[in-house]
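Structural characterization, general
Next come the chains, spelled out residue by residue.
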Amino acid sequence: MSTEWAIRTKGLYKSFGKNEVLCNCSLAVERGTIYGFLGINGAGKTTMFKILTGLLIPTKGEVQVLGKDVVTQKTDILKHIGSLIDMPVFYEHLSARENLEIHLAYMDVERADIEETLSKVGLQRTENQPVSEFSLGMRQRLAIARAMIHQPQLLILDEPVNGLDPVGIREMRDLFKSLVENHKVTILFSSHILSEVEHIAEKIGVISNGTVVREMTLHELKKGSSFNLEEYFISIVKEGKDNA
Amino acid sequence: MLKLIKLEIKRNRLKGYITAGLVITVTLIGLVYLFAAIPYLDASDKDVQIFMTYNGISTLSLVVATACFSILSSVMYNRFIIEEYTSKKVFLLFSYPVERNRVLWVKIITVFLFIVISMIFSGMIVFSIFFITESFFPLCQDVLTLSTIFGIVASLVAYSITSAALAVISLWFGYWKKSASVTIVSSVIVSSIFGSFSSEILLSGGITHNLMILVVIAAGSTLVALALITRLSQKINTMEV
């Protein structure tokens, strides 16, 4: 049976003036899986996420998201993805509930359980509190709620556990796993917390100097007896620096 | 479109702008009576003749109202458009599956309609109060006829459209410089130029003559606004964040 891809990029380039941020970048995320995207600061992770969500236009190359071209079918793609890129932004004077209501209206989704979603991310009983009074962790939780409330097929999350306490990190981990297991959602996420990536990702891709240099399933990686994700990641990054 | 307008209103509270509209209305009421009282203060001055006719009083009041509502409109454009497209809020805006130029047009239409409707309401309140008191205790020596009232109401509509359209010019400058102060300062400059230019022309003619000029000014400024919005829409469509 052929693999169904949620994301597929081939020969992707992105330049800002003379600065080439992505260079011949190929990424493949299988549907219904969790993909951990690793890279040091400035490696090109956020640029990749922005291209996948239509915020940036690729300089060259092919980008398919949910089987559609990201440049020509952006609006169709946006209906089916949920994203969290950069620091989450909200309508500060409005409550969590109102923020989600507005989001649902823009996504053209009439039926969604706001209470249940807020409860899933641990924001029950904060429904009517203005977002301006939220802590960093609460904002992050609300951003995750917003990304998933319209039941997208694909979640693109840039540092989703940023600012969360250990309990929150574990809750989000369980939530992401349940979304994939019960709703067949695909998740592409980045994180600098390698233990977290190891806990939930099925496949790991490492980007270095704008190129995805290695993509492997965690299962394959763990075949070696003494696998250590940190060592693996640092060795790839060093390799990339030496080759640069 | 209506759904998007409702969302725009929900996201950006209008309460403050409604209060500002009410403050402008109260100020205009005071101004109209001040204009009507000027001939009593210094009857010897030659320029005082302007304030002896309803046409003169209404023209000057409406020019001031146009400037005030145009500046209010530029403040709204700053909040609705410049702040959203130049801050991180743009990530949110561009993550919705709605065409970018459609969202921009919705924002412009929301502000445009709010300003036109507010200014018409404001003008109606100001002149209704003034003309009611004039029928009992006339300050102005002119005769108030139905055609004068009709001319003022028609002018009010034309001025309202002009006011909203002129603010688009300041939006253009503000977006170009990505600055709230540039938006508001340019709005003050554009309104001042409009004020001195239009009062010069409009005070020299009668109400019918004025109305024709006003329709031309309103149509002209709307065309300029449309051209600027089209250009802005193209910029936003290809914008990368």
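Treat the numbers as computed from the prediction; the structure is a model and nothing was measured.

Conventions used here
- Residues numbered from 1 in each chain as written.
- Chains lettered and ligands numbered in written order.
- Predicted model: local features only at pLDDT ≥ 70, side-chain atom pairs only at ≥ 80, totals over all residues.
- Heavy atoms only, no water.
- Helix = DSSP H or I, 4+ residues; strand = E, 2+ residues; numbered from the N terminus.
- Rg over C-alpha atoms; globule rule 2.2 N^0.38 Å.
- Buried < 20%, exposed > 50% of the residue type's maximum accessible area, 1.4 Å probe, protein only.
- Contact = heavy atoms within 4.5 Å.
- Areas by Shrake-Rupley, 256 points an atom, 1.4 Å probe, with all protein chains shown as cover.
- Lys, Arg positive; Asp, Glu negative; His and termini not counted.
- Charge placed at Lys NZ, Arg CZ, Asp CG, Glu CD.
- Phe/Tyr/Trp six-rings, centres within 6.5 Å; stacked < 30°, edge-to-face > 60°.
- Lys NZ or Arg CZ within 6 Å of the ring centre and 35° of its normal.
- Pairing = 2+ DSSP bridges.
- Axes fitted to C-alpha atoms, helices over the stretch in contact; angles between N-to-C directions.
- UniProt positions renumbered as here; feature names shortened; annotations may be inferred.
- Core = buried A, V, L, I, M, F, W, Y, C linked by side-chain atoms within 4.5 Å.
- Domains from an automatic or database assignment.
- Buried area = accessible area lost by both parts, 1.4 Å probe.
- Salt bridge = Lys/Arg side-chain N within 4 Å of Asp/Glu carboxyl O.
- Polar contact = N/O pair within 3.5 Å; in protein donor to acceptor, adjacent residues only side chain to side chain.
- Nonpolar A, V, L, I, M, F, W, Y, C, P; charged D, E, K, R; others polar.
- Parallel < 35°, antiparallel > 145°, perpendicular 65-115°, else oblique.
- Left-handed = near helix turned anticlockwise from the far one by under 90°.

1. Observations regarding the overall build of chain B
The number of helices and strands found in chain B is eight helices and zero strands. Secondary structure of chain B in N-to-C order comes out as α-α-α-α-α-α-α-α. A compact globule built from 241 residues should have a C-alpha radius of gyration of about 18 Å, and chain B, at 19 Å, falls within 12% of that. Its C-alpha atoms give chain B principal-axis dimensions of about 65 × 30 × 30 Å. When the 241 residues of chain B are sorted by exposure, 51% land in the buried category. The contacts in chain B between residues at least 6 apart in sequence include a share of 84% that link residues at least 24 apart. Put simply, chain B shows about 11,100 Å² of open surface, and 72% of that area lies on carbon and sulfur atoms. Across chain B, the 17 positively charged side chains and the 11 negatively charged ones have centroids separated by 20 Å.

2. Some details on the overall build of chain A
Of the regular secondary structure elements, chain A holds nine helices and ten strands. Against the 2.2 N^0.38 benchmark of 18 Å for 244 residues, chain A shows a C-alpha radius of gyration of 18 Å, consistent with a compact globule. Reported as C-alpha extents along the three principal axes, the dimensions of chain A are approximately 55 × 45 × 40 Å. When burial is assessed residue by residue, chain A has 51% of its 244 residues classed as buried. Look at the contacts in chain A between residues 6 or more apart in sequence, and 69% of them connect residues 24 or more apart. Element-wise, carbon and sulfur atoms account for 46% of the exposed surface of chain A, whose accessible area totals about 11,300 Å². Side chains of chain A give 28 positive and 32 negative charges; the mean places of these two sets differ by 4 Å.

3. Describing the packing of aromatic side chains
We describe a pair of aromatic rings using the distance from one ring centre to the other and the angle between the two ring planes. On inspection of all chains with the given rule, the structure shows 13 aromatic pairs over all chains. Measuring from ring centre to ring centre gives 4.1 Å for A:Y106 and B:Y96, while their planes differ by 5 degrees; the resulting arrangement is stacked. Placement of A:Y106 in helix α3 (residues 96–106) and of B:Y96 in the loop between α4 (89–93) and α5 (100–136) is noted, with the two residues assigned to different chains. B:Y96 matches A:Y106 in its accessibility class, with the two residues each being buried. Summarising the aromatic geometry, the rings of B:Y85 and B:F94 are spaced 6.0 Å apart at their centres and angled 50 degrees between planes, so their arrangement reads as tilted. Summarising the burial analysis for this pair, B:Y85 and B:F94 share the class buried. Here the aromatic cluster, defined as three or more aromatic residues joined through ring pairs, consists of B:Y33, B:Y54, B:F127, B:F130 and B:F131. Geometry around A:Y13 places A:K60 over its ring, the cationic atom sitting 4.7 Å from the centre.

4. Structural notes on the sheet that holds strand β3 (residues 34–38) of chain A
Residue and element names in this part refer to chain A. Pairing is mixed in the open sheet, where six strands are placed in the order β6-β7-β8-β3-β9-β10. The open sheet has two edge strands, β6 (81–84) and β10 (211–217), and neither has a second partner. This sheet shows a mean twist of 15 degrees between the axes of neighbouring strands, independent of strand direction. Relative to β10, strand β9 (residues 203–208) runs antiparallel, the two being bridged by six bridges. Across the sheet, I204 pairs through a bridge with M216, a residue of β10.

5. Brief notes about the pairing of β9(A)
Residues and elements named next belong to chain A. Among the six residues of β9, six are classified as buried, and the element is accordingly described as predominantly covered. Neither face of β9 is exposed, since K203, G205 and I207 on one face and I204, V206 and S208 on the opposite face are all buried. Strand direction decides the pairing type here: β3 and β9, joined by four bridges, are parallel. Opposite G36, over in β9, you have I204 as the bridge partner. Here β9 folds back onto β10, and the loop between the two strands holds two residues, one of which, N209, carries a positive phi near 50 degrees.

6. What to know about the UniProt feature "transmembrane region" (unreviewed entry) in chain B
Residues and elements named next belong to chain B. In the numbering adopted here, UniProt assigns the feature "transmembrane region" (unreviewed entry) to residues 20–40, 60–82, 103–132, 144–173, 180–199 and 211–229. Secondary structure across residues 20–40 divides into 100% helix and 0% strand, with the first and last C-alpha atoms of the span separated by 31 Å. Secondary structure over residues 60–82 splits into 100% helix and 0% strand, and the C-alpha atoms at its two ends are 31 Å apart.

7. Section: the nonpolar core
Of all hydrophobic cores here, the largest spans 109 residues; its most connected members are A:L27, A:L52, A:L188 and B:Y85. Counting the residues that make up this core, at least three belong to each of domain 1 (5–80 + 153–243) and domain 2 (88–151) of chain A. Setting aside chain neighbours within four positions, we find A:L188 in contact with A:I7, A:L27, A:V29, A:Y35, A:F37, A:F49, A:L52, A:L155, A:I156 and A:L157.

8. Here we look at the interface of chain B and chain A
When the parts of a complex come together, some accessible area is lost, and that lost area is often taken as the interface size. Each partner contributes to the interface: chain B provides 22 residues, whereas chain A provides 26 residues. Both sides together, the interface formed by chain B and chain A hides about 2,500 Å², and carbon and sulfur atoms give 61% of it. Joining chain B to chain A, the criterion identifies four salt bridges. A:D86 is the salt-bridge partner of B:K88, the closest N and O atoms lying 2.9 Å from each other. Between the two partners, chain B and chain A, sit 13 residue pairs in polar contact (both at pLDDT 80 or more). Every element with two or more residues in the side of chain B that touches chain A is listed here: α1 (2–11) and α4 of chain B. The dominant element in the side of chain B that touches chain A, judged by the number of residues it contributes, is α1(B), at six residues. The class makeup of the residues in the side of chain B that touches chain A is ten nonpolar, two polar and ten charged.

9. Things to note about the packing of α3(A) against helix α5 (residues 136–148) of chain A
Residue and element names in this part refer to chain A. Where α3 contacts α5, the two axes come as close as 10 Å, and the packing angle between them is 30 degrees. Judged by the inter-axis angle, α3 sits roughly parallel to α5. The two elements α3 and α5 cross, and the hand of that crossing is right-handed. Along its contact with α3, which presents A96, L100 and H103, the element α5 presents L142, A145 and R146. When the residues that make up the contact of α3 with α5 are grouped by side-chain class, the tally is four nonpolar, one polar and one charged.

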